[in-house]
Structures are given as C-alpha cells and as structure tokens.
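Tertiary structure, described
Below, each chain spelled out in residue letters.
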Amino acid sequence: MALHSMRKTRECWSFIRALHKGPEAAPVPQKDAVRRVFSGIQPTGIPHLGNYLGAIESWVSLQDEPGSVLYSVVDLHSITVPQDPAVLRQSVLDMTAALLACGINPEKSTLFQQSQVPEHTQLSWILTCMVRLPRLQHLHQWKAKTARQKHDGTVGLLTYPVLQAADILLYKSTHVPVGEDQVQHMELVQDLARGFNKKYGEFFPEPKSILTSMKKVKSLRDPSAKMSKSDPDKLATVRITDSPEEIVQKFRKAVTDFTSEVTYDPASRPGVSNLVAIHSAVSGLPVEEVVRQGAGIDTARYKLLVADAVIEKFAPIKSELEKLKLDKDHVEKVLQAGSAKAKELAYPVCQEVKKLVGLL
C-alpha cells in the first residue's frame, strides 16, 4: 500500500508540473524558457518613416508584453562600410535619442551600444568557425550588395549575418522582430542555434521571428524600391526630423500614376497603394477605411491628406527629440546603464559557451 501511495503521489506531481509547463514544451531547459525579445538598428542617419513603421513602432509596443526586451544600437554592423569616426560617434548618440523620442523606455527595456559589450564579437567568432563559406555567399543580401559594389565587398560585409546571430543568441533571445528582408538571416540564426545544440548539448533557444505587420514602406519617388536613408533623391525619404513643409513637399512630389482615383492595388498601382499603406499605418485605420475616406478625392489632394497624417504622427516625436539633443549627458547615461545591464546578461552566457567549446 505504501509503495502504491508513493507511486500515485509521484504521478500527481508529474501531472501538476506538466500543467505548469503549458501546452508547448520548449526545446531548451525550462529555466531558459523566459520570453526575451532582441533587435538592433544601425546608427546610420536619422530614422525615416520606413524605419519607424517597419521596426521602431513595434519595438515600442513589445515593451508592454510579458518577458524582457533588449534593443541595441549596432555600431559594429555599421563599420562594414567606411565610416568617419567623429560622425559615427555622434550617430550613435543621435540614434539613441531618436529611439528614446519614439517611445523606447529604458525602464521597460534594455537599450545599449553593441560595441560596449565585447561578448558579441567573442561569440561571433565562435559561430563563424561553425558556418560554411558557401552558406554566407548564397545569402541574398550579400549577392545584392556585392553586385552594387563591383565585388569590393569586405569580409565584414560577408560575415555580418554571423555577428547578427551572435547578437541574438548571446542573450538566449526567444523572439526577434524582423522585416521581410531579414527572414533569410533569421534562418541562419536558427540553423546556428541548432548546430551548436547538436554538437554541445541543448543550450540556445531557437529564436522565432516576429514579422512586422507593416510591409516595406516604399520610396516616394520609386515605389518599386524600399524607402532608404541612402537614397540620393532627397524627395524619396521622409525622416522623423523633417519639418511639416518638407513632409508636404515630399508627398506632393510622390510618384503615382495617371488615374486620379484612390484605390489599393499594389500590383498595378504601387505608388498610390504605398500612400494608402502609409496612411493606414500612421492613422491606425484599416486599409479599407482609408480608401473609403479617400473616395471622391483625387490623388493630388489625397497626398496632402497623407502628409497631414504623417506630420501629426511625428509632431510629438520631433518635439521630444529636440529636447533630448539638448541633453547629451542624459543620452550617454542611458547608453552606459543599458550597456552595463546587457553585459551582466551576456558575460555568463559567453563564459558557458567558452567552457562548452573548450576555451575555458
């Protein structure tokens, strides 16, 4: 009877533990199953409308979800192309200020400078030694960038997706908000996590992608291309620091077509559809509703309607950014505190990785 009672007790506790684990068991030990979001942004220029709608806006909302979030100004990634040292230093501060102005809250998330946490590059080298050269050469972004640079691409440009994987895995991140153009790189991150776990035992979670609901914001001057900081056409990109007059001018010059009606048909009317998508995203209204609002308005007047919506969205951000630019000490302290917090998380993970691979 005593043996039967002990067996029943063990079964009961097993059942209770199973309930607490939930319906989806993680592929890593339970202590590592906490939800952790990681993402990064390069400090190259002022964020534009595409950066805000495609990434930063979702970063802000993710701060209020369960778990922890880390956002990094990834300055090491930016030096894959030549940078002026003084400009780069200032750009790190400018990007940090822009993120704070957009709503990134250091009390809700860890905001830090990538290069101030040396474990990123240490883990990157270990992972680089696990990936085959052809895998990196076949990545779409490497092909596209080397084609533009006439085969002058650096080794850093080739291997930066591995550093990107290290950025994510170093914090045992479980989720990563990404755009469409980063899906291939996330597959590399997941493959590296699987490969490491297979060789050294279960250690890294396989991070899942959080695809942003907003598709790529297109250039206002060429709706076949995405909006870009480096676009030589100054009218193509709307920056969060643009004045209301500049925003109106850029939307007024936006490329559409010869049909004046406002409709949403990305395949046959990419220019107008880009305006509709922007209007929907900044207003928070469904595409169908903004199209309904545009009924009876020609595209020339509709451009001004979209411009007004963007101006209204950016007004509080622009105001806050101007205040932060006058308080450089505060911005620097935010980065220093965030980098210290990030290092506290990164150091023990990197030490354990070194032990697993035989470096300690």
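Look above for the structure.
Our subject in this report is the structure included herewith. Note on numbering: residues in each chain are counted from 1, in written sequence order. Confidence filtering applies because this is a predicted model: local features only for residues at pLDDT of at least 70, side-chain atom pairs given and counted only at 80 or more, and all residues used for totals across whole chains, interfaces and linings. Working from all heavy atoms in the structure, the side-chain values ignore hydrogens and water.

**Remarks on the environment of G40**
The line we're drawing: Secondary structure follows DSSP: runs of H or I at least 4 residues long count as helices, runs of E at least 2 residues long count as strands, and numbering of each begins at the N terminus. Working definition: with a 1.4 Å probe on protein chains only, accessible area under 20% of the residue-type maximum means buried, over 50% means exposed, and in between means partly exposed. Any two residues whose heavy atoms approach within 4.5 Å are treated as being in contact.
Structurally, the position occupied by G40 is in strand β1 (residues 36-41). Note on G40: relative accessible area 35%, which makes it partly exposed. On a C-alpha basis, the gap between G40 and D75 in space is 9.5 Å, while along the polypeptide they are 35 residues apart. Excluding anything up to four places from it in sequence, G40 contacts W59, S72 and V74.

**Description of the pairing of strand β2 (residues 68-73)**
What counts is decided by this rule: A pair of strands is labelled paired if DSSP reports no fewer than 2 bridges between them. Viewed with both strands pointing away, a crossover whose connecting path from the first strand over the helix to the second turns clockwise is right-handed.
Among the six residues in β2, five count as buried, and that is most of the element. Judged from the six bridges that link them, β1 and β2 form a sheet pairing that is parallel. Across the sheet, V37 pairs through a bridge with V69, a residue of β2. Considered for its hand, the β-α-β crossover made up of β1, helix α2 (residues 49-62) and β2 is right-handed.

**Focus: the side chain of D242**
Heads up, the rule is: By the criterion applied in these results, polar contacts are pairs of N or O atoms within 3.5 Å in which, for protein atoms, one can donate a hydrogen and the other can accept it, and in which residues neighboring in sequence qualify only through two side-chain atoms.
You can see D242 is positioned in the loop between β5 (208-211) and α10 (244-252). Polar contacts involving the side chain of D242 include one to the main-chain amide nitrogen of R239, which spans 2.9 Å. Polar side-chain contacts of D242 include one of 2.7 Å to the side chain of K250. Setting aside its immediate chain neighbours within four residues, D242 contacts T237, I247, K250 and K318.

**Some words on the nonpolar core**
This is how it is decided: Side-chain atoms within 4.5 Å link the members of a nonpolar core, which is a set of buried Ala, Val, Leu, Ile, Met, Phe, Trp, Tyr and Cys residues.
Core analysis: the largest hydrophobic core is formed by 54 residues, its most contacted members being L49, L99, F251, I278, V310 and F314. The dominant element in this core, judged by the number of residues it contributes, is helix α13 (residues 299-325), at 10 residues. Residues contacting L99, with those up to four places away along its chain left out, are I41, I56, W59, V73, I104 and L111. Counting 35 residues, the second largest nonpolar core, distinct from the first, contains A166, A193, F204 and V353.

**Remarks on the packing of aromatic side chains**
Where we set the bar: Side-chain rings of Phe, Tyr and Trp (the six-membered ring for Trp) are treated as a pair once their centres are within 6.5 Å; stacked means planes under 30 degrees apart, edge-to-face means over 60, and tilted covers the remaining angles. Comment: the charge-over-ring label is applied if NZ (Lys) or CZ (Arg) is within 6 Å of the ring centre and within 35 degrees of the ring normal.
Taken as a whole and judged by the stated rule, the model has nine aromatic pairs. On the basis of an interplanar angle of 90° and a centroid distance of 5.8 Å, the ring pair of Y52 and F314 is categorised as edge-to-face. On the criterion of sequence distance, the pair formed by Y52 in helix α2 and F314 in helix α13 is long-range, its members being 262 residues apart. Both residues of the pair, Y52 and F314, count as buried. Here F196 and Y200 contribute two aromatic rings whose centre-to-centre distance is 4.7 Å and whose plane-to-plane angle is 45°, an arrangement assigned as tilted. One end of the pair is F196 and the other is Y200, both in helix α9 (residues 183-200) and four residues apart, which spans about a single turn. Within the aromatic cluster, the residues linked to one another by ring pairs are F196, Y200, F203 and F204. Directly above the aromatic system of F203 lies the positively charged group of K172, at a separation of 3.8 Å from the ring centroid.

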